[in-house]
2 protein chains.
Amino acid sequence: MQNPFDDTYFMRKALQEAEIAFDKGEIPVGAIVVIDDKIIARSHNLTELLNDVTAHAEMQAITSAANYLGGKYLQNCTLYVTLEPCQMCAGALYWSQITKVVYAARDEQRGFIKMRTQLHPKTKVVSGVLEAEASELLKRFFIEKRNLN
Amino acid sequence: MQNPFDDTYFMRKALQEAEIAFDKGEIPVGAIVVIDDKIIARSHNLTELLNDVTAHAEMQAITSAANYLGGKYLQNCTLYVTLEPCQMCAGALYWSQITKVVYAARDEQRGFIKMRTQLHPKTKVVSGVLEAEASELLKRFFIEKRNLN
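Cut-offs used in this document
- Numbering of residues begins from 1 in every chain and follows the order in which that chain's sequence is written.
- By the order in which they are written, chains take letters starting at A while ligands take numbers starting at 1.
- A pLDDT threshold of at least 70 governs which residues receive local features in this predicted model, and a stricter bar of 80 or more applies before side-chain atom pairs are shown or counted, although totals over entire chains, interfaces and linings include all residues.
- Hydrogens are left out, water is left out, and the side-chain values use all remaining heavy atoms of the structure.
- UniProt positions are given in the numbering used here, feature names are shortened, and annotations may be inferred rather than shown by experiment.
- Secondary structure follows DSSP: runs of H or I at least 4 residues long count as helices, runs of E at least 2 residues long count as strands, and numbering of each begins at the N terminus.
- Note that the radius of gyration is over C-alpha atoms, with the globule rule given as 2.2 Å times the number of residues to the power 0.38.
- With a 1.4 Å probe rolled over the protein chains alone, any residue whose accessible area is under 20% of its type maximum counts as buried; one over 50% counts as exposed, and the rest are partly exposed.
- Note on contacts: a residue pair is in contact if any heavy atoms of the two residues lie within 4.5 Å.
- The protein chains shown are the only cover counted for residues, whose accessible areas, like all others here, come from Shrake-Rupley with a 1.4 Å probe.
- Neither His nor the chain ends is counted toward charge; the positive residues are Lys and Arg and the negative residues Asp and Glu.
- Every charge is mapped to an atom, namely NZ of Lys, CZ of Arg, CG of Asp or CD of Glu.
- By buried area we mean how much accessible surface two parts lose on assembly, using a 1.4 Å probe and totalling the loss over both.
- Any carboxyl oxygen of Asp or Glu within 4 Å of a side-chain nitrogen of Lys or Arg constitutes a salt bridge here.
- Side-chain atoms alone can form a polar contact between residues adjacent in sequence; in general such a contact is a pair of N or O atoms within 3.5 Å, and within protein one must be able to donate a hydrogen while the other accepts it.
- Ten residue types, Ala, Val, Leu, Ile, Met, Phe, Trp, Tyr, Cys and Pro, are classed as nonpolar, four, Asp, Glu, Lys and Arg, as charged, and the remainder, Gly among them, as polar.
- Pairing between two strands is assigned when DSSP locates at least 2 bridges connecting them.
- To obtain an axis, a line is fitted to C-alpha atoms, over the contacting stretch when the element is a helix, and the angle between two such axes runs from 0 to 180 degrees between their N-to-C directions.

An unreviewed UniProt entry annotates chain A as tRNA-specific adenosine deaminase of Winogradskyella immobilis. Regarding chain A, the relevant UniProt record gives this comment under Sequence similarities (unreviewed entry): "Belongs to the cytidine and deoxycytidylate deaminase family. ADAT2 subfamily." UniProt, in the comment section headed Catalytic activity (unreviewed entry), describes chain A in these words: "adenosine(34) in tRNA + H2O + H(+) = inosine(34) in tRNA + NH4(+)".

Dropping the structure here:
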């Protein structure tokens, strides 16, 4: 029998977080952290609401997961995020030594691949899971924002 | 008359923060943010106490300064930090569009220069201010830590 808790299942949860961000007028990026098929952190981008460039979904998810685990290293954890992490978030993931990162949409301008930010050598990366849905939400956000201004 | 509020003056304040971190058993890195010769944020590394890899001195200083200013961009601000920022912190500084970054000691292994993390094109960088004092404090920390284990 197929495990229902696959990368697509969890990315859909991250997308739900991105939609919450969208509804708040934030750039719609959502993240979750999973260990043993259990979600231990949920977050979405809050940079506008908090007036804080560090309030990316991933940063909050890392802090929250570490708080749940009672330790700062995210061994055996997977981060699901709807947009490719930036330099800052990839740098935080590096320090966390997280086991796996799964992202949906590419950020070809400011994603960690273009910026050549190093993740931890232990970290496995998977990309493109629900990419179309995540990209679509981001595009819709920027179109609506443009029309409002 | 010489302005007493020069880079050395403010780096000494950042070093005081690093010493507070030292006394707490944290890797001794301190940071402050200054605008118009006024300190608007003070912080030191709290990764151990908070169990949080994102709790670097710079990250807290950025959040705190933005909170003080009521806006997320750190225009006309200078960050003084006793150790060269890492990928994560340089990535956060990139987003903040901070005007100037001054650091004391080089981090030749994991500093943003070695890691090729991009700061914002607007950001001016000054290095080596009170470098000997900041390096000495870090060395003393790691020697004491080794002797305790």
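Colleague: How should the overall build of chain A be read in this particular structure?
Modeller: Within chain A one finds five helices and five strands. Computed over its C-alpha atoms, the radius of gyration of chain A comes to 14 Å, within 12% of the 15 Å expected for a compact globule of 149 residues. A burial count over chain A gives 55% of its 149 residues as buried. Taking contacts inside chain A between residues at least 6 apart in sequence as the whole, the part at least 24 apart equals 59%. Of the roughly 7,200 Å² that chain A leaves accessible, carbon and sulfur atoms contribute 48%. Within chain A, the 18 negative side-chain charges are centred at a point lying 4 Å from the centre of the 17 positive side-chain charges.

Colleague: Could you clarify how one ought to interpret the interface of chain B and chain A in this entry?
Modeller: Buried accessible area, meaning the area lost when the parts come together, often serves as the stated size of an interface. Taken together, the contacts link 27 residues of chain B with 27 residues of chain A. Looking at the side of chain B facing chain A, the largest losses of area belong to B:Val53, B:Lys72 and B:Trp95, adding up to 27% of the total buried there. Connecting chain B to chain A are two salt bridges. Put simply, chain B and chain A have twelve residue pairs in polar contact (both at pLDDT 80 or more) between them. Those elements that place two or more of their residues in the side of chain B that touches chain A are helix H2 (47-50), helix H3 (57-69) and helix H4 (87-96) of chain B. Here the element with the most residues in the side of chain B that touches chain A is H4(B); it accounts for seven residues. A per-class count over the side of chain B that touches chain A returns ten nonpolar, twelve polar and five charged.

Colleague: Please explain the sheet that holds strand S5 (residues 124-127) of chain B as it appears in this structure.
Modeller: Sheet strands pair by backbone hydrogen bonding; their relative direction is either parallel or antiparallel. Residue and element names in this part refer to chain B. Spatial ordering of the open sheet is given by S2-S1-S3-S4-S5, a layout of five strands whose pairing is mixed. Bordering the open sheet on either side are strand S2 (38-44) and S5, each of which pairs with just one other strand. Adjacent strand axes in the sheet meet at a mean angle of 15° when their direction is disregarded. Pairing of strand S4 (residues 100-105) with S5 involves four bridges; the strand directions are parallel. Of the residues in S5, the one forming a bridge with Val101 is Val125. Relative to the sheet, helix H6 (residues 131-148) contacts strand S3 (77-83) and S4, its axis offset from that of S4 by approximately 55°.

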